[in-house]
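# Coordinate analysis (summary)
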Amino acid sequence: MNVILLGPPACGKGTQCQLILKQLAMECLGTGQLLRDEVSSGSELGKEIDSFINHGAYVPDALIMRMVFKWLNGVGEKPWLLDGFPRTLVQAEALNAEGFRPDVVIGIEVSQDVLEERILSRLICSSCSATHSRKVVGDGPCPDCGGVLVVRDDDGIESFRKRYANFNELTKPLYAYYEAQGSLVRVDGTLPPEQVFERVASSLKLPGA
Ligand code: AMP
């Protein structure tokens, strides 16, 4: 089964991804993390990517599609899970055109005020990249691996508002796109992560769901 996770920034896509991977053997790609890793490498490509991410802008379709299709072609016949791709209609149509069709698209829905509250307390582990809330773990260390928790460079409120505006303009139309294809499952992302996962698990027909 091939799965896409769609949703605004800080809706919990990364957390749901980790929960899915505990139960299903899938190849997973988080495009935000892929891009941040390229930025950390200090490469020329990374510098180009950084100039978009740090201004709250999406990276150009052609650039992200090159990276994602390279990864998907390496996955072969194994099932895949995409977190953060596609984010535009151009990306979604290219995915279909290349024959990478999702079986289930999970569209996570959370209101703007809840997202803003989450962004302001969000921390990311500099070792394992897991996301945590300062409200739960304080300043750290990372409860998963003991690593140092830091604030993401693009998690300021101004950057968030640009990313959220991009989401509404460019990504939200994908809900209707996948609904028309019969693969969309809408999930209320304001619930606690375990309850969100119950809905996700039932849409993926996981055992015990
Ligand atoms: P995320 O970690 O999913 O919040 O992504 C962080 C940032 O990476 C986004 O705000 C975008 O700038 C960029 N990004 C990630 N995925 C994509 C994509 N599919 N298309 C364009 N930009 C992306």
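Refer to the structure above for everything that follows.
Residues numbered from 1 in each chain as written. Predicted model: local features only at pLDDT ≥ 70, side-chain atom pairs only at ≥ 80, totals over all residues. Heavy atoms only, no water.

Taking 1.5 Å of rise per residue, 15 residues should cover 21 Å, and helix α8 (residues 157–171) covers 19 Å from first to last C-alpha, within 8% of that figure. Those residues of α8 that sit buried are Ser-159, Phe-160, Arg-163, Tyr-164, Asn-166, Phe-167 and Thr-171. Down the axis, α8 shows its buried residues gathered within 160 degrees of arc, on one side only. In α8, those exposed residues whose orientation departs by more than 90 degrees from the buried face are Glu-158 and Glu-169. Contact partners of the buried residues in α8: β1 (3–6), α6 (112–120), β5 (122–125) and α9 (173–180). (Helix = DSSP H or I, 4+ residues; strand = E, 2+ residues; numbered from the N terminus. Expected span 1.5 Å × (residues − 1). Buried < 20%, exposed > 50% of the residue type's maximum accessible area, 1.4 Å probe, protein only. Arc of directions from axis to C-beta. Contact = heavy atoms within 4.5 Å.)

Turning our attention to the side chain of Ser-121. With respect to the secondary-structure elements, Ser-121 resides in the loop between α6 and β5. Not counting the four nearest positions on each side in its chain, Ser-121 is found in contact with His-132, Ser-133, Arg-134 and Lys-135.

Right, let's get into the packing of helix α4 (residues 61–75) against helix α5 (residues 89–97). Look at α4 against α5: their axes get within 11 Å of each other, and the N-to-C directions meet at 30 degrees. When the axes of α4 and α5 are compared, the pair comes out roughly parallel. In the crossing of α4 with α5, the sense of the turn from one axis to the other is right-handed. In contact with Asp-61, Ile-64, Met-65, Phe-69 and Leu-72 of α4, α5 contributes Val-90, Gln-91, Ala-94 and Leu-95. For the contact of α4 with α5, a count of residues per class yields 7 nonpolar, 1 polar and 1 charged. (Axes fitted to C-alpha atoms, helices over the stretch in contact; angles between N-to-C directions. Parallel < 35°, antiparallel > 145°, perpendicular 65-115°, else oblique. Left-handed = near helix turned anticlockwise from the far one by under 90°. Nonpolar A, V, L, I, M, F, W, Y, C, P; charged D, E, K, R; others polar.)

Now for the environment of Val-150. Checked against the element boundaries, Val-150 lands in strand β7 (residues 149–150). Using a relative accessible area of 33% as the deciding quantity, one classes Val-150 as partly exposed. Residues Val-150 and Leu-120 lie 30 residues apart in sequence; the distance between their C-alpha atoms is 12 Å. Other than its neighbours up to four places away in sequence, Val-150 contacts Leu-123 and Ile-124.

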